[in-house]
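Commentary on secondary and tertiary structure
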Amino acid sequence: MVKSNSSIQNPKSKIQNRKVSPARLAAFEILQKIEMDKAFSSALLPIYEEKLQPKDRALCHNLTLGVLRNQIYLDRTIEKLTAKKTNKFDLAVLLALRIGLYQLLFLDKIPAHAAINESVNLVQKTKKTSAKNLVNAVLRRATREKIELEFADETEKIAVETSHPRWLFEKWIREFGFEAAKKLAFADNETPNLVFRLTAKSDAKTVETLAKIGLEINESEIVASAWKVFGSNEILRLYADEGKIYFQDEASQLVAQAVELKPGESFLDVCAAPGSKVTQIQDSGFRIQGSGIKVQDLLVAGDYFEHRIRILQANCRKQAADYINIVRYDAENALPFADESFDVVLVDAPCSGTGTIRHNPEIRYFLSEKDFAELSAKQLKILQTASKVLKKTGRLVYSTCSLENEENEAVIEEFLEENREFTKVLPKLSNLFLTDKDFARTFPPRDKTDGFFIAEMIKR
Ligand SMILES: C[S@@+](CC[C@H](N)C(=O)[O-])C[C@H]1O[C@@H](n2cnc3c(N)ncnc32)[C@H](O)[C@@H]1O
């Protein structure tokens, strides 16, 4: 929600000093990297936040995600205030304006003079001295005037107010209808629940200890393995760093639940990095069978990218997921296993990630309409390759964190058309998530989770 202008103090101060707070500087640098390198906020924030004091950490987090979640709205406001298109601005100047304007319009506790001075100083610090007066004037004007944006129609209004590219919002309207698309667009800007699950390193007291140190922790209503935590503190961070808990959205945990390995079944996770699901699958094998008993005969996890394989290895080590064999391959071409090797195969396919915009707000700006056809071709290829290494009567589970029909239902329907030995079966999940086409889906506005798609097939 945009805060009303009445709550904004009239800034009296001149530009007082050249200081930029560590939080604003970190947010500025993160946003710059996102723009220049298509980097992800979820990867950059922990790196920067590690070096900040707790108070600065919270502000850096808020500024980075707040600017990203409201970027189109902020840019339209900047264009209105300057009568200049934002693509004509120098990037450093535009970012200083976005950060300043976000604080003025959305944050109640930051005095206007601090927001303005620090954005001016940011411009100064990045040697864009000539733009200092512009930034100062634009932000001051924003404190004096109520800025009314004009919209061509209701679609544009929602797209701008929720900061989604119009083409993407229109795509969702075609797919889900106007009201559902609108709810989705608003849900994308909500702060997601912080959710963790236990690991092989947790003990019976892990959750109890976290609750005792003042964190509110509730069991998830939708997936048995998940815990929702409200608030954060050093112990929670320490537990995560030590691998005693693992942060993972409830919808992502549902995928591992749908896989549900039985004792002795061999398993391949075709697209496994960073390893959220395969480590969960090994751990639930332990929990079902009791500690000390060897889990499945064979657990294999692979990926294409070397740097992601390293993250997968590190995650397995951190969580003491010691039974996972890690392999590198290109699953679009061939897998280094004999045909019919595995009882269960999971294809958690590379996808657009439109179901995870709450966690990764920048995704909406990286995507373009043509990406979906390319992605669905890649997904189908990987599924074809993966299907070969599945034993007869084995189960093939396909999942994405995309909301798009082209990457989900359409891929499976084409696969089933071309592979008559496969039959679709209902994923073993609550009716809540089952669709009329016998797939499972989660929806951010309905389930307060990321948006995942799950399909299950049996090979005859
Ligand atoms: C959605 S992510 C998988 C997430 C993972 N299952 C988890 O739970 O943490 C998709 C993965 O597919 C991998 N990938 C992309 N193209 C691939 C290919 N041709 N062969 C194998 N893996 C590929 C990506 O590197 C990425 O790690």
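Here, every reference points to the structure presented above.
Now for a description of the structure that goes with this document. Quantities reported herein were computed from a predicted structural model and do not represent experimental measurements. Counting of residues starts from 1 at the beginning of each chain's written sequence and follows it residue by residue. Selection of residues for local features in this predicted model requires a pLDDT of at least 70, selection of side-chain atom pairs for listing and counting requires 80 or more, and totals for whole chains, interfaces and linings are taken over all residues. Water and hydrogen atoms were dropped before computing side-chain values, which therefore reflect all heavy atoms in the structure.

Describing the side chain of Glu404
What counts is decided by this rule: Helix numbers and strand numbers start at the N terminus; a helix is a DSSP run of H or I with at least 4 residues, a strand a run of E with at least 2. Each residue gets one of three labels from its accessible area relative to the maximum for its type: buried under 20%, exposed over 50%, partly exposed in between, using a 1.4 Å probe on protein chains only. Definition of a polar contact: a pair of N or O atoms within 3.5 Å, with one able to donate and the other able to accept a hydrogen when the atoms are protein atoms, and with sequence-neighbouring residues admitted only if both atoms are side-chain atoms. Working rule for contacts: check all heavy atoms of both residues, and any pair within 4.5 Å makes them a contact.
Tracing the backbone shows Glu404 in the loop between β9 (390-400) and α18 (409-418). What makes Glu404 buried here is its relative accessible area of 0%. Reaching out from Glu404, the side chain makes a polar contact with the side chain of Thr354 at a distance of 2.7 Å. What Glu404 contacts, discounting residues up to four positions off in sequence, is Lys171, Trp172, Glu175, Ser352, Thr354, Phe372 and Arg441.

As for the pattern of salt bridges
Going by this rule: In the sections that follow, a salt bridge refers to a side-chain nitrogen of Lys or Arg positioned within 4 Å of a carboxyl oxygen of Asp or Glu.
Per the counting criterion, the structure on display carries 32 salt bridges. With a shortest N-O distance of 3.5 Å, Glu456 and Arg395 are connected by a salt bridge. Of this pair, Glu456 sits in strand β12 (residues 453-459) while Arg395 sits in strand β9, and the two are 61 residues apart along the sequence. Each member of the pair, Glu456 together with Arg395, is buried. With its nearest N and O atoms 2.9 Å apart, the salt bridge here joins Arg446 to Asp447. When its relative accessible area of 12% is taken as the criterion, Asp447 is described as buried. Connected through shared salt-bridge partners, Lys171, Glu175, Glu404 and Glu406 make up one network.

Looking at the site of the ligand
Selection criterion: Consider each residue's heavy atoms; a residue with any of them within 4 Å of a molecule or strand counts as near. Residue exposure ignores everything except the shown protein chains as possible cover, and the areas themselves are Shrake-Rupley values with a 1.4 Å probe. Ten residues, namely Ala, Val, Leu, Ile, Met, Phe, Trp, Tyr, Cys and Pro, are considered nonpolar, four, namely Asp, Glu, Lys and Arg, are considered charged, and the remaining ones, Gly among them, are considered polar.
Around the ligand, 19 residues are found, and the nearest of them are Asp303, Arg308, Asp330, Ala331 and Asp348. Between the ligand and the protein, one listed contact pairs an oxygen atom with a backbone N or O atom of Ser276 at 2.9 Å. In the model, an oxygen atom of the ligand is placed 2.6 Å from a nitrogen or oxygen of the Asp303 side chain. Across the complex, the protein chains shield 91% of the 610 Å² of accessible surface that the ligand would expose by itself. Taken together, the residues that form the shell around the ligand break down as 10 nonpolar, 2 polar and 7 charged.

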